[in-house]
Amino acid sequence: MDETAQVTTPEDPDGIAAFKHGFRRHAAGVVVITALTPEGTPVGFTATSLASLAAVPPLATFNMARVASAWPAIAGTDWVAIQTMGARTRHLAERMSGAHNLRFTGDHWSPGPHGLPILEGVTSWMVGRIVERFPVANNVVVVVQIEEGALGEPDDALLYHERTYLKPGDAV
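This one's a predicted model, so the numbers in the text were calculated from it and none came from an experiment. (Residues numbered from 1 in each chain as written. Predicted model: local features only at pLDDT ≥ 70, side-chain atom pairs only at ≥ 80, totals over all residues. Heavy atoms only, no water.)

1. Focus: the overall build of the chain
- Looking only at helices and strands, the chain has three helices and 12 strands in total.
- On C-alpha atoms alone, the chain measures out to a radius of gyration of 17 Å, which is about the 16 Å that the 2.2 N^0.38 rule sets for 172 residues.
- The principal-axis extent of the C-alpha atoms belonging to the chain is close to 55 × 35 × 35 Å.
- Counting every position in the chain, which comprises 172 residues, the buried fraction comes to 35%.
- Sequence separation of at least 24 residues holds for 61% of the intrachain contacts in the chain that already meet a minimum separation of 6.
- In the structure as shown, the chain presents an accessible area of about 9700 Å², 55% of it carried by carbon and sulfur atoms.
- Of the charged side chains in the chain, 12 are positive and 18 negative; the average position of the first set lies 3 Å away from that of the second. (Helix = DSSP H or I, 4+ residues; strand = E, 2+ residues; numbered from the N terminus. Rg over C-alpha atoms; globule rule 2.2 N^0.38 Å. Buried < 20%, exposed > 50% of the residue type's maximum accessible area, 1.4 Å probe, protein only. Contact = heavy atoms within 4.5 Å. Areas by Shrake-Rupley, 256 points an atom, 1.4 Å probe, with all protein chains shown as cover. Lys, Arg positive; Asp, Glu negative; His and termini not counted. Charge placed at Lys NZ, Arg CZ, Asp CG, Glu CD.)

2. Concerning the sheet that holds strand E11 (residues 159–161)
- The strand order across the open sheet built from three strands is E1-E11-E12, with neighbouring strands paired in antiparallel fashion. The sheet is open, and its two borders are formed by strand E1 (28–29) and strand E12 (164–166), each paired with just one other strand. (Pairing = 2+ DSSP bridges.)

3. Remarks on the pattern of salt bridges
- Counting across every chain of the model gives four salt bridges.
- Across the pair Arg129 and Glu147 runs a salt bridge whose closest N-O atoms are separated by 3.7 Å. You can see Arg129 sitting in strand E9 (residues 124–136) and its partner Glu147 sitting in strand E10 (residues 139–151), a full 18 residues away along the chain. (Salt bridge = Lys/Arg side-chain N within 4 Å of Asp/Glu carboxyl O.)

4. Topic: the packing of aromatic side chains
- In total, this model carries four aromatic pairs according to the counting rule given.
- With centroids separated by 4.8 Å and ring planes inclined at 40°, the aromatic side chains of Phe19 and Phe23 adopt a geometry described as tilted. Placement of the pair is Phe19 and Phe23 together in helix H1 (residues 14–24), with a separation of four residues, close to one helical turn. One exposure class covers both Phe19 and Phe23, and it is exposed.
- Taken together, a centroid distance of 5.5 Å and an interplanar angle of 85° make the contact between Phe104 and Trp109 edge-to-face.
- Classification of Phe104 as buried rests on a relative accessible area of 13%. (Phe/Tyr/Trp six-rings, centres within 6.5 Å; stacked < 30°, edge-to-face > 60°.)

5. Structural notes on the nonpolar core
- Counting residues in hydrophobic clusters, the biggest one holds 20 residues, and the most contacted among them are Ile33, Phe45, Phe62, Ile74, Val80 and Val144.
- For Val80, the contacting residues outside a window of four places in its chain are Ile33, Thr34, Ala35, Phe62, Ile74, Leu116, Met126, Val127, Gly128, Ile130 and Val144.
- Val32, Leu92, Met96 and Leu158 belong to the second-largest nonpolar core, a separate cluster that totals 17 residues. (Core = buried A, V, L, I, M, F, W, Y, C linked by side-chain atoms within 4.5 Å.)

Right under this line is the structure:
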């Protein structure tokens, strides 16, 4: 049997192993979602689940786990900032997926519309109002209506593939 065709491991059930292996091979664009707690503390996380839902009205979706450190802020706010990451901002994508208490330490961000954290050097940012939250198992699909935004400097795309941040053309 071809080893690459096998998707199960002794420690994982078939469906979970297939899911993990399949999505490791699915390259996805990288964004950072930021928000504020009710006390005004910035929170954020790196995501690969951003999708365009509709152009009119301009709707986007992202998914997150309800156990994520940023979930209480997302659950309790009306506004989020969505920032697309490029190859030059890989270090910020890595920082925003690391220890939550260090994500906003430093001068790599500034307050934007509604006081939302906007990261320096992103390829674009969009601010939107959360219009729906759909619980699914232990996760939530969040629907955002985009209200404003801006383009940053052009950059190579930043992809997440095989548990690694890459730009198109990088070898895995």
